[in-house]
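# A structural walkthrough
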Amino acid sequence: MTKKKAHKPGSATIALNKRARHEYFVEEEFEAGLSLQGWEVKALRAGKANISESYIMLRDGEAFLFGATFQPLIGASTHVVCDPTRTRKLLLKERELSSLFGSVNRDGYTIIPLSLYWKNAWAKLKIGVARGKKEHDKRSDIKDREWKMDKARIMKSASR
């Protein structure tokens, strides 16, 4: 007889990069693990992470997360030096890395972090291969979003 795990209340999402989908067309998404230190895991469990200003660089056949801020807890260990903006290595398969290298070498493509979340006991980062939006693209997205809200409002009032 197998028992089902009870779902924990709350969300598994630690941090979102809300500007990413507004400023970029996300073509492809990957899930990457993070190489973290102990104090960083504790900070993530407390929800003290920010990936909005971060970006991903590919160097020497590996991927690294730059600019993400994990604020250390006040009760962090005294013998460990906590650098909130240190460079963190992304854990990806060789096939995924080669796909990322190939897509970034094309014109106008970049790799951006989309969200940071828990998957079982592991911290995962969803990254996307993206192309930058022009101003008119952003305006059309805003127009579509407003139309969806207006349409939902009209449908709600019509059903009464």
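Residues numbered from 1 in each chain as written. Predicted model: local features only at pLDDT ≥ 70, side-chain atom pairs only at ≥ 80, totals over all residues. Heavy atoms only, no water.

This part takes up the confidence of the model for the chain. On average, residues of the chain score 84 in pLDDT, and 91% of them are at 70 or above. Counted against residues more than four places away or in other chains, residues 3-7, with its pLDDT under 50, gives 0 contacts. (pLDDT = per-residue confidence, 0-100. Contact = heavy atoms within 4.5 Å.)

The next point concerns the side chain of S103. Within the secondary structure layout, S103 lies in helix α3 (residues 94-104). Look past the residues within four positions of S103 in its chain and what remains in contact with it is Y109 and V129. (Helix = DSSP H or I, 4+ residues; strand = E, 2+ residues; numbered from the N terminus.)

Attention shifts here to the sheet that holds strand β5 (residues 62-66). If you trace the 7 strands from one edge of the open sheet to the other, you get β1-β8-β9-β2-β7-β5-β4, paired in antiparallel fashion. Only two strands of the sheet have a single partner each, and these edge strands are β1 (13-16) and β4 (55-59). Across the sheet, the axes of successive neighbouring strands diverge by a mean angle of 40°, strand direction being ignored. As defined by bridge partners, β5 adjoins strand β7 (residues 88-91) across 3 bridges and the pair is classed as antiparallel. From the neighbouring strand, F64 faces β7, where its bridge partner is K89. Its contacts with the sheet place helix α2 (residues 38-45) against β1, β7, β8 (109-119) and β9 (122-132), and it is angled at close to 75° to β8. (Pairing = 2+ DSSP bridges. Axes fitted to C-alpha atoms, helices over the stretch in contact; angles between N-to-C directions.)

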